[in-house]
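Chain and residue survey
This is what each chain is made of:
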Amino acid sequence: MKIVVALALLLSMESALQAKTISKMVTYKSGEEEVSAYLAMPEEKGKYPAIIMIHEWWGLNDWIKSMADALASEGYVVLAVDLYRGKVTNKPDEASALMSGLPKDRAIRDLKSAYAYLQSLSEVNAAKIGSIGWCMGGSYSLTVAKELGEKLTACVINYGRVSGDKTELGTVKASVLGIFGAQDRGIPVESVRAFETALKELGRMCEIKIYEDSGHAFMNPNNTRGYNKANAEDAWRRTIEFFKKTLKG
Amino acid sequence: MLLIVGVQSASVGNMLTEQSAPPLGYLAKPTSATAAAVLVLHDNLGLDHWIKSLCDSLAREGFMAFAVDVYGGKLPEDMMEAHELERALPEDKARQNIINAAQFLKETYKLKHIGLFGIAMGGMLALDAISSHREKFEACVVNYAPLPTTDSLIERLNCPIMIHVGENDFGIERSSVEQFTKNMHARQKHIETHFYKETGFGFLRPNHENFCPASAHEAWQRSIKFLKTYLLKSSQ
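What you are looking at is a predicted structure, and each value in this text was computed from that prediction instead of being measured.

This next bit is on the overall build of chain A. Counting its secondary structure elements, chain A contains 8 helices and 8 strands. Within chain A, the proportion of its 249 residues that are buried is 57%. Here the analysis covers contacts within chain A between residues at least 6 apart in sequence; of these, 69% occur between residues at least 24 apart. Summed over all atoms, the accessible surface of chain A reaches about 10800 Å², with 53% contributed by carbon and sulfur. Looking at charge distribution, chain A has the averaged site of its 32 positive side-chain charges lying 3 Å from that of its 30 negative ones.

Structure follows, in structure tokens:
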């Protein structure tokens, strides 16, 4: 009974710690072009660590925005970029066209520009910037870490492309949290383990969590075939803890 | 009579270095001697029956045709699995497989000219291959794939390129294709760009919901003519 009461107290304290947030769509410069993004941050004025958030193959949809709000409530300025320049879908065929049509070099430019934009905001502690992405965005989260090197402090990859090549990973300086499902048909567990080994041999801080009973995209509640509530909540808890340790520590 | 030889999902050689895996794929040979090969790079649905049929058609046109299996033997059962594989594709390994396949064909069959025919994800890999190994390829057909926007990447594209894009492609803006074409022209590079009316992403593929037989036929005829111009005629 005592444990239950203590737990309830703890949970209520946790929710009390979650800040009220404000959010809006913004645009920022990427080369000669304008990119739009969803910006969320605590309502209370202050200087916060920042996080670049990268969407799945569906685009910048309401779920990604809700994740940005959820992270912002933990005390971060979150910029959820729109790599698809306004296009969003819930149909796999259209998502396939969007992902297959996205120029990688443009996406990288947009993400580096997102970093520069966050640095320019008065609410951002520019020394503490991280990245997070799911699916295609998980792959780009690692790309951001490779491209930004020591400028990026923390990187969360949710079932994105990984590599076990130490040469390729050599420029990654951020601490890494990797979340995967063992049933993912594109990323075998051994690839994830090779990724973990390579990062550790490079001396990087790396945490890997593989959920045995989950497949691809298990964190997205709209994924009717593969959403796993318990694992999604556990993964989110780990994400919050990881960012707290790396960006607020 | 034409003879098409197909090697389904078989290793076609092991002349490669010990560190690299032998190329996996489907090979179709023309009946008469040829000096040219085309590497076919599949879309996210993998090296399936349709991709093999493209190789067979290329062989009938006088090319050695080899479809590189960048999924390493996996064939997705549906669009979601195709997505899972595409999102996870180790691009460095895919690039190496393509280069190994080109080298294998050149050495084994004493070929002089190698071209590329890439579809969607495979189109992106084709551009990546000609960018990273400029000396290896002499012609490249890119079907509805993302096009580089950065000057330094465009500068590296040194072989003649033909682009096919549907005007209704949900992922590829017409303006981005036009800008790429303009950038190539500004550098005196050979580029032929074709847009197809009322046509969307995936229009070449018979089992895709956007399959457009008329556009697919027209694009195919243009591709064959282009590949013959740069790979076969130059060897005569």
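Right, let's talk about the overall build of chain B for a bit. Of regular secondary structure, chain B possesses 7 helices and 8 strands. Classification of the 236 residues of chain B by burial places 57% in the buried group. Sequence separation of at least 24 residues holds for 69% of the intrachain contacts in chain B that already meet a minimum separation of 6. Of the roughly 9800 Å² of accessible surface on chain B, a fraction of 49% belongs to carbon and sulfur atoms.

This brings us to the pairing of strand β7 (residues 175-181) of chain A. Residues and elements named next belong to chain A. The element β7 is largely enclosed, with a buried count of 7 among its 7 residues. When strand β6 (residues 154-158) meets β7, the two strands line up parallel, connected through 5 bridges. Residue pairing across strands places V156 opposite L177, the latter belonging to β7. Relative to strand β8 (residues 206-211), β7 is paired through 6 bridges, and the arrangement is parallel.

With 34 residues of chain A at the interface, the matching set in chain B holds 31 residues. Taken together, the connections running from chain A to chain B amount to 8 salt bridges. A salt bridge links B:R87 to A:D184; the shortest N-O distance between them is 2.8 Å. Here chain A is connected to chain B by 16 residue pairs in polar contact (both at pLDDT 80 or more). Of all elements in the fold, only α3 (92-101), α4 (104-120) and α5 (136-148) of chain A reach the threshold of two or more residues within the side of chain A that touches chain B. Top element by residues in the side of chain A that touches chain B is α3(A). It accounts for 9 residues. For the side of chain A that touches chain B, the per-class residue count stands at 12 nonpolar, 9 polar and 13 charged.

Two numbers describe a pair of aromatic rings. These are the distance of the centres and the angle of the planes. Within the structure shown, the criterion is met by 13 aromatic pairs over all chains. Seen from their ring centres, A:Y28 and A:Y117 are 5.6 Å apart, and the 25° between their planes marks the pair as stacked. Linking A:Y28 in strand β1 (residues 21-30) with A:Y117 in helix α4, this pair joins segments that are 89 residues apart in sequence. Ring centres 5.5 Å apart and planes at 80° place the aromatic pair B:F117 and B:W220 in the edge-to-face group. Residue B:F117 is found in strand β5 (residues 113-119), and its partner B:W220 is found in helix α7 (residues 213-232); the two are separated by 103 residues along the sequence. You can call B:F117 buried: its relative accessible area is 1%. Of the aromatic side chains, those joined through ring pairs into one cluster are B:Y144, B:Y196, B:F201 and B:F203. Across the ring face of A:Y76, the terminal group of A:K248 is positioned such that the distance to the ring centre comes to 4.6 Å.

This part is about the pattern of salt bridges. This model, assessed by the stated rule, comprises 31 salt bridges over all chains. Between B:E155 and B:R187 there is a salt bridge, and its shortest N-O distance comes to 3.0 Å. Note that B:E155 is positioned in helix α5 (residues 151-155) and B:R187 in the loop between α6 (174-186) and β8 (191-196), a separation of 32 residues in sequence. Each member of the salt-bridge network shares a partner with another, and the members are A:R185, A:R225, B:D78, B:E81 and B:E84.

We now examine α7(B). All names here are of chain B. Compared with an ideal rise of 1.5 Å per residue, which puts 20 residues at 28 Å, α7 spans 27 Å between its outermost C-alpha atoms and is within 8% of the ideal. Taken together, the buried positions of α7 are occupied by S215, A216, A219, W220, S223, I224, F226, L227, L231 and L232. Against β3 (36-41), α1 (49-60), β5, β6 (139-143), β7 (161-166) and β8 lie the buried residues of α7.

What counts, and at which threshold
- Residues numbered from 1 in each chain as written.
- Chains lettered and ligands numbered in written order.
- Predicted model: local features only at pLDDT ≥ 70, side-chain atom pairs only at ≥ 80, totals over all residues.
- Heavy atoms only, no water.
- Helix = DSSP H or I, 4+ residues; strand = E, 2+ residues; numbered from the N terminus.
- Buried < 20%, exposed > 50% of the residue type's maximum accessible area, 1.4 Å probe, protein only.
- Contact = heavy atoms within 4.5 Å.
- Areas by Shrake-Rupley, 256 points an atom, 1.4 Å probe, with all protein chains shown as cover.
- Lys, Arg positive; Asp, Glu negative; His and termini not counted.
- Charge placed at Lys NZ, Arg CZ, Asp CG, Glu CD.
- Pairing = 2+ DSSP bridges.
- Salt bridge = Lys/Arg side-chain N within 4 Å of Asp/Glu carboxyl O.
- Polar contact = N/O pair within 3.5 Å; in protein donor to acceptor, adjacent residues only side chain to side chain.
- Nonpolar A, V, L, I, M, F, W, Y, C, P; charged D, E, K, R; others polar.
- Phe/Tyr/Trp six-rings, centres within 6.5 Å; stacked < 30°, edge-to-face > 60°.
- Lys NZ or Arg CZ within 6 Å of the ring centre and 35° of its normal.
- Expected span 1.5 Å × (residues − 1).

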